[in-house]
Structures are given as C-alpha cells and as structure tokens.
2 protein chains.
Amino acid sequence: MAYLNENYEKLQAGYLFPEIGRRVNAYAAQNPDKKIIRMGIGDVTQPLVPAVIKAFHEGVEDMAKIETFKGYGPEQGYAFLREAIAENEFHARGVQISADDIFISDGSKCDTGNILEIFGMNNIIAVQDPVYPVYVDTSVMGGRTGTMQASGYYEQIVYMLCTAENNFTPELPKQKVDLIFLCFPNNPTGTTSTRENLEKWVAYARANNSIILYDAAYEAYIQDADVPHSIFEIPGAETCAIEFRSFSKKAGFTGVRCAYVIIPETLKAANSKGEMVSVKALWSRRHSTKFNGASYPVQRAAAAIYTPEGKEQIAGVIAYYMENARIMKASLEQQGFTVFGGVNAPYVWVKTKNNMKSWEFFDQLLNEIQVVGTPGSGFGPCGEGYFRFSAFAARENVIEAMERLRSMNNE
Amino acid sequence: MAYLNENYEKLQAGYLFPEIGRRVNAYAAQNPDKKIIRMGIGDVTQPLVPAVIKAFHEGVEDMAKIETFKGYGPEQGYAFLREAIAENEFHARGVQISADDIFISDGSKCDTGNILEIFGMNNIIAVQDPVYPVYVDTSVMGGRTGTMQASGYYEQIVYMLCTAENNFTPELPKQKVDLIFLCFPNNPTGTTSTRENLEKWVAYARANNSIILYDAAYEAYIQDADVPHSIFEIPGAETCAIEFRSFSKKAGFTGVRCAYVIIPETLKAANSKGEMVSVKALWSRRHSTKFNGASYPVQRAAAAIYTPEGKEQIAGVIAYYMENARIMKASLEQQGFTVFGGVNAPYVWVKTKNNMKSWEFFDQLLNEIQVVGTPGSGFGPCGEGYFRFSAFAARENVIEAMERLRSMNNE
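Everything numeric in this text was worked out from a predicted model, so none of it was measured.

A.B. asks: Explain the overall build of chain A here, please?
C.D. replies: Secondary structure assignment for chain A yields 12 helices and 15 strands. When the backbone C-alpha atoms are referred to their principal axes, chain A occupies close to 65 × 55 × 55 Å. For chain A, buried positions account for 66% of its 411 residues. Considering only residue pairs separated by 6 or more positions, chain A has 72% of its internal contacts joining residues 24 or more positions apart. Of note, chain A has its 39 positive side-chain charges centred 1 Å away from the centre of its 47 negative side-chain charges.

This is how it looks when you write it as structure tokens:
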C-alpha cells in the first residue's frame, strides 16, 4: 500500500499564484470583452535584451555542430558563467566570493525550497511575515512544521513580524533559531535592509551557529548606494550565510530559467556527531545527485548580461520598471493610500483603505476595474490589509491601472 | 545551531559519474598526449537535429519581441508540448494518456529523485540491482533507508536481484513493497521487459495497492516490435503507475534539459486517514510550489521532434547509435566476452573475464588503452564483475575502442 506524504494535508488551499491565476481566468472567461491589466504574479513583461538574445542564439548554434555540441554540463554550472558572476556581482563590489562557491540552477524557487533538504529535521526555521510563500510551504511539505493554527501560523516555525511600525524590517528573534530566511529587497513589501541591520543578523547567526538563507532575487533593483546588494558585503557572513540570486528579475529570465546559489567554502554546520563540517559539500552532493545542470544555451544567454552591451541594456530595462514603480507610488500616495517599497524594489506595497481585507480588495479591483494585484495576506498574516502592485508591466498599463483606481475611488 | 541532514552521512563515496569524471580527469592531466575515448557517462555525442535547432532559434526569437515574449510559463508545461507528447508518444500507440496528466520538467534525474517527496516515509521502496543509482541515493538522502550493510545494500530498501540467470529481469518481490522503481530498457544492463512480465508487475501492484515508478528514459531505443515502450500499454497500469520520460537520450537533450512525468488522474494512494486520494494532485502541488516550469525555448525545441522532419531526423540519430551498439556487441562477443543488452538499448553490458572486479577493469581500460566505460558495480552489488559500454559515441571511436580492446586482450 503506497502512502502519500501526510504533510501536504497541512497546506492551506492552493499556492498563492495559481490561485490568483484561477480567479483571473474565471473572470476573463465570463467577461471576454474586458481588458484586464495584470500586475499580480510579479512577472516581467519586457523582452530579453539584444545582447542576451544574441548569446542565446549562439548557444543554440553550438548545439547544432558536432565540434561545439554540449551534452551533460558540469552540474554546478559552466565556469564561464560562474566566473562572470563572481567577477561582476561580487569582486566588482569588493566582495571576495570564489566562482567555486557558486552553483548555477534553473531557478530560485527550486533553490530556496531544495536547500532545506541538506539540513536536519531538528532545525528551527525562522521566516519574515509577510514574505514569499515558498519558504513556509516547502517547510510544511518537508515535514518541518506542525499544523496551521487559527492564527494563520504553522507550529514550529518562528515568524518574524514585519509591520508598518518596524518599517517591515524584522527584529532579531528572542528565541534561538537555526535557519533564518531573510529576503531583501523584500518580496512583497519592497523594503530593504540597512547595512547596520544586516550586521546585527550576521552577529546573531555567528553567536548562535545559525545560518542565514538570504534571498536577494531583487538586488538588481536597489537604487540607493548605501543599501547592501549581498549578505556577503557584511564581514563574517561567509561563515554563516547562503545567498540566492536569480536572473529572473535581473534580466527578464522568468521564462528562460536560470539562477544561482552561493555557499562559501567557509560555511560549516553540525553533523550528527556535533562536528562542524562543510555545508557546501552536502549541497554539492545533492546538486550532482538530484540535478543535471542548467541548459547550456541558457547559461550562455545569462553570461551575456555581463558584457558591456548586456550591462547597459539590462540597466535600461530595470530603469523602465523602476519608473513604473515611481509612477505607481506617486499616484497611490496622491490617492491617499499609505505606500511602502517601490524605491529599491519593483514592488509597491499598499495599505488598503478602511481596513479592507486583502482578498476583498483583490476581488474588488478585478471585478470593478479589471486590475490584478496580489493580496498581501497571501504572503502571511501580517500581510492582511495590504496589497502588492508589481512594476513589471507596460508603462501604458501602469498609467491606465492607476487612472482606473483613481476613478473607482472617486465614484 | 544549524544541523545538517544526517542521512547524507550514510552515502558511500561520490555519486558514480562524478567519480568516473575525477579518475578520467586525473589520468588526462598526467597523460596529456593520450587520446581518451569516453564511453562512460552515457552522454549523447551527436548534435541536435536541424528541426530542433530551427524551433529552438524560433523560441529564442519569440523572447526578443514584446508581442511574443514569454515570462513564467505554466508550471506543468506548455499545452503545445504536452499535447504533442500525448498524441505522438501515447495515442499513436493506442494508449489513452491525457495531456493533462503530463508534467514537463527539466530532467528525469530531478523527477525520479523528487517524486519520493510526495510519498510518506513509511513506504517500502523496491529497486532493481543493478540500476541507475539515483533511486537509491535519493532514498538515502531523504532518510528512507537505514545504513549500508557490508553486503553493499542499504537497510529498508528491497533489492530485486538482476543476474545473468534471470536475464537481468527481476522476479516479483516475496514481501510486500509499496513503491517499485522499474527501469526498462534498463540502465545499465540494456535489457528490456516483455509485455507478459510487465503484466505480472501491474497485477502485483494492483493487488497490493503499490505504485510502479517506471523509468522509460531509453524507450526510443527499442527496436523489437513486441517490447512495450510504456507501462501504460499494460491495461490497469493507469491505476498503479507513474512513468518518467526524457528528451535527453531520445533527442540529444542532455545539455538542453527537458523531460516529463505522466501521472494518470486515476492513480490513487492512501492519505493519513487511509483514504485513497489523487496522487496527481499532490505532484501538481509540489510541482507548482518547488518548480517554475521548463525553459520556454527548450519546450519549443522539444516539440519539434514531433514534426515529420523532426521524427525522421531523430530516427536517423538513434539508428546511428544503435549501429554503434551492434558493432560493440559483435566485437565483444567475438573477443569472447559474455554480452547483454545493445539490441533495444544504447548500452552494452559485458561480463569481465576471469571475474575481474568492475573498477579494476575500469582502471585497466583507462590506463592501458585509454577507453572509459562504466564500472557495473557502481549500479549496485549485482553489477560487480560487469562493465557498461555506451553506444553514445562517434562511430570511429567505437571502432577504435573495440580495436584497442582486442589488441590489449591479444597481448
């Protein structure tokens, strides 16, 4: 008799984004004449830049000739990409990350879920609330939590509350925690962490032999010079942190699929005998046993963003999205909303008016003005009463969505 | 204090293929003038066919224009690919698999490892011995086994012995098992299963509410008309089986990355209350929470193998590899080796002479004649004393490798 993993029964409803998709599709089917503006999934809308397209074609062409054909690649990724990342993302900022510590993958969603596999079941996991739902959902599926309580929180997870009062930047946990998911610039709130704040986290992790799982998927959107792009900008982080990066938002790769994880050689955790051993060795073993490398033409395409043309071109796309964010933030504030984010991140985080529930606001916007955003409560209980607008949209749609919202509020 | 997953400590040495890579690289570094013929990893060597290259370029070009750009795709895969698979792989053989039951992924290695996540820890897992090492290694890493015994077997895994006596086709297990990995055409032995034999397995699984995890990664190499390509050719399998398929070997996608899993809507397993519920729903939840879809241009490339030109072209590549297999089998038999496989599979499975150990033969071939194969013992204890040659090589290398082997034996 085959038994299913009973932990899946603890999950609530569907994963957030498919649920949004279902509601939007149902509405669209019943209202085929309405023009829906989609700012819900946080998906990029601008095409790949020319330098990336050129390299992608070249990568495909390599696969057409026996002399340049590539079969299985190195599971950890091609050296040309890992070295370009080390040089451009880290060395250029004075951060000493070795190409050997970089693992190329097909996406940060996979990486942030899979990373838990190399850690024992007895670790206490801490997450921000609200935050990208994958950290909690994969913890639940992996049997690392109890059941969900009436509060909306799973037992055994430590939630670090992020509210308007702390500017959506969590305090250090009062109890000891072992694995700490931090996401900056934050999805969904668009807030960032100061260097001083990250120093506190690194000090906490070092004092407690904890590991920070730092999700920096949105680092390319940081505009302010004093906001850290990487946890490894903080001295000592190389002994207490893993970082997740992605080309999805940086270079429009959501449909192309390429990301990476940085695990410094110097990062150690306890084995079953209590000895401190290499974390990277375990991830390397997992990576080579359960993954077969990212697509070669995709890796070629990713490396092209580090050419001079590639850098300039993706900077243009990022500036386009950030101008969208600026327009939304300004319009929403003018309409009397309280707004967070949108300055160093492509997300604008809005407090609903009159304490309206997030999903109620979602349904209102969908039904009345055909604008799709993301209900804040989908990111955790502290997100209730908030709503996320994504700047990943065409300029004219951003302007029209804000105009529709203004009209609705003035009716 | 962060703790590592203690189950990794149970793993023996490195994953087989990286270990081969290490030995070969070490030899090559010390003997830069020697021409090494690599037939070890089971990696394709022929370039992608023109129809695939054309569609791949078109997919890349779609990403260059805002009108055709694709961001996040459906996690389960694009309908164009799922429908082409359902039609060409199944309906064309009279097997009623719905496109809705097909999940596109980036590789069968990931799928066959990840599938265990949706099953409870109390399932008894059965595997062939010898077999592709990922089933056992991922079971170990997931904490589904005890430690390895002196016999080379992990506690709690049921090994189904495949030997020359049973023509490398296992008997039904005597005890009840819950999840049964079957791999046909088999990696590494190159043997296939008859329809009658698969009927016995389906009857066993139905009688015991077990689930067959059927790895058909090499089905494209089946030449004999009466050998089943899919477990779903057996009536009743739609209630007791999951099938894994890949474009890696079928169309040379080892460096491109695309595969799929078939989970029929009708497949059920027990939840924690003992109720029989949908397996597909759990996999769908896992897939959408921990995966973000395969690369769009890659899916376009994969779909091209189902065009008339694509079919003809990949058939030509498969015929090329199978002629290599025929040449190897004939030569090895002439040299007095006992040989299995190589008829409906791209692997030739050879018994060493004088009971030489597999790794000893590996080292001898590498050091004396610079030919790389795969030690049979890397696939399980029953593989000891055997050696796998891969037909995925250039014709001239196959001929030269056989010639070098003949010379070595005649010395």
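On we go from here.
A.B. asks: So what exactly am I meant to see when it comes to the interface of chain B and chain A here?
C.D. replies: Listed as interface residues are 86 residues of chain B and, on the opposing side, 86 residues of chain A. Roughly 7100 Å² of surface becomes buried between chain B and chain A when both sides are summed, with 58% attributable to carbon and sulfur atoms. Put simply, chain B and chain A have six salt bridges between them. A salt bridge links A:Glu75 to B:Lys109, with the shortest nitrogen-to-oxygen separation between them at 3.2 Å.

A.B. asks: It is not clear to me how the sheet that holds strand β6 (residues 211–215) of chain B should be interpreted in this structure. Could you clarify?
C.D. replies: What links the strands of a sheet is backbone hydrogen bonding, and the strands pair in either a parallel or an antiparallel sense. Residues and elements named next belong to chain B. Within the open sheet, the seven strands sit side by side as β2-β8-β7-β6-β5-β3-β4. Their pairing is mixed. Where the open sheet ends on each side, the last strands, each with one partner, are β2 (102–105) and β4 (157–161). Recorded for the sheet is a direction-independent mean angle of 20° between the axes of neighbouring strands. Two strands pair when backbone bridges link them, and strand β5 (residues 179–183) and β6 are joined in this way by five bridges, in the parallel orientation. For Cys-183, the partnering residue across the bridge sits in β6 and is Asp-215. Contacts from helix α8 (residues 279–290) reach β2, β6, β7 (241–246) and β8 (259–262) within the one sheet, and its direction differs from that of β2 by about 25°.

A.B. asks: For this particular structure, what's the right way to read the sheet that holds strand β11 (residues 338–341) of chain B?
C.D. replies: All names here are of chain B. Across the sheet, which stays open at both edges, the four strands sit in the order β11-β12-β15-β14 with antiparallel pairing between neighbours. Across the chains shown, the open sheet's two edge strands, defined by having one partner strand only, are β11 and β14 (374–375). Bridge count between strand β12 (residues 347–351) and strand β15 (residues 386–390): five bridges; the pairing is antiparallel. When the bridges of β15 are listed, Lys-351 appears paired with Tyr-386. On top of the sheet, helix α10 (residues 308–334) reaches β11, β12 and β15; it is set at about 15° to β12, its chief contact.

A.B. asks: Is there a simple way to think about the packing of α10(B) against helix α12 (residues 395–410) of chain B in this case?
C.D. replies: If you want to describe how two helices pack, look at the angle between their axes and the distance between the axes. Residues and elements named next belong to chain B. Running from amino to carboxyl end, α10 crosses α12 at an angle of 10°, the nearest separation of the two axes being 10 Å. The angle between α10 and α12 places the two elements in the roughly parallel class. Of the residues in α12, those in contact with Tyr-320, Glu-323, Asn-324, Ile-327, Met-328, Ser-331, Leu-332 and Gln-334 of α10 are Arg-395, Val-398, Ile-399, Met-402, Leu-405 and Arg-406.

A.B. asks: So what exactly am I meant to see when it comes to helix α1 (residues 16–30) of chain A here?
C.D. replies: Every α-helix carries 3.6 residues per turn, so stepping three or four residues along brings you back to the same face. Counted at 1.5 Å a residue, the expected span for α1(A) with its 15 residues is 21 Å, and the 22 Å between its end C-alpha atoms agrees. Inspection of α1(A) places A:Leu16, A:Phe17, A:Pro18, A:Glu19, A:Ile20, A:Gly21, A:Val24 and A:Tyr27 among the buried residues, and these make up the whole buried set. On its buried face, α1(A) sits against β1 (37–38), α11 (358–369), β13 (371–372), β14 (374–375) and β15 (386–390) of chain A together with α8 of chain B.

A.B. asks: Sorry if this is basic, but what is going on with the relation of the copies chain B and chain A here?
C.D. replies: The two chain copies are related to each other by a rotation about an axis together with a translation along it. Superposing chain B onto chain A takes a rotation of 180° combined with a translation of 0.0 Å along the rotation axis, leaving an RMSD of 0.0 Å. The transformation relating the two chain copies, once decomposed into turn and shift, fits a two-fold axis. In terms of proximity to the rotation axis, the leading residue of chain B is B:His57, whose C-alpha is 3.1 Å off the axis. Of all interface residues in chain B, 100% are interface residues in chain A too; the two copies therefore contact each other through one and the same surface.

A.B. asks: Would you take a moment to explain the pairing of strand β6 (residues 211–215) of chain A for this structure?
C.D. replies: All names here are of chain A. Of all five residues making up β6, five are buried, and the element is well covered by its neighbours. With respect to chirality, the unit in which strand β5 (residues 179–183) leads through helix α6 (residues 195–208) into the neighbouring parallel β6 is right-handed. With four bridges joining them, β6 and strand β7 (residues 241–246) adopt parallel strand pairing. Note on β7: the bridge partner recorded for Tyr-214 is Glu-243.

Procedures and definitions
Residues numbered from 1 in each chain as written. Chains lettered and ligands numbered in written order. Predicted model: local features only at pLDDT ≥ 70, side-chain atom pairs only at ≥ 80, totals over all residues. Heavy atoms only, no water. Helix = DSSP H or I, 4+ residues; strand = E, 2+ residues; numbered from the N terminus. Buried < 20%, exposed > 50% of the residue type's maximum accessible area, 1.4 Å probe, protein only. Contact = heavy atoms within 4.5 Å. Lys, Arg positive; Asp, Glu negative; His and termini not counted. Charge placed at Lys NZ, Arg CZ, Asp CG, Glu CD. Buried area = accessible area lost by both parts, 1.4 Å probe. Salt bridge = Lys/Arg side-chain N within 4 Å of Asp/Glu carboxyl O. Pairing = 2+ DSSP bridges. Axes fitted to C-alpha atoms, helices over the stretch in contact; angles between N-to-C directions. Parallel < 35°, antiparallel > 145°, perpendicular 65-115°, else oblique. Expected span 1.5 Å × (residues − 1). Least-squares fit on C-alpha atoms with pLDDT ≥ 70 in both. Right-handed = clockwise from strand over helix to strand, strands pointing away.

Remember that the coordinates give geometry; whether it matters functionally is a separate question.
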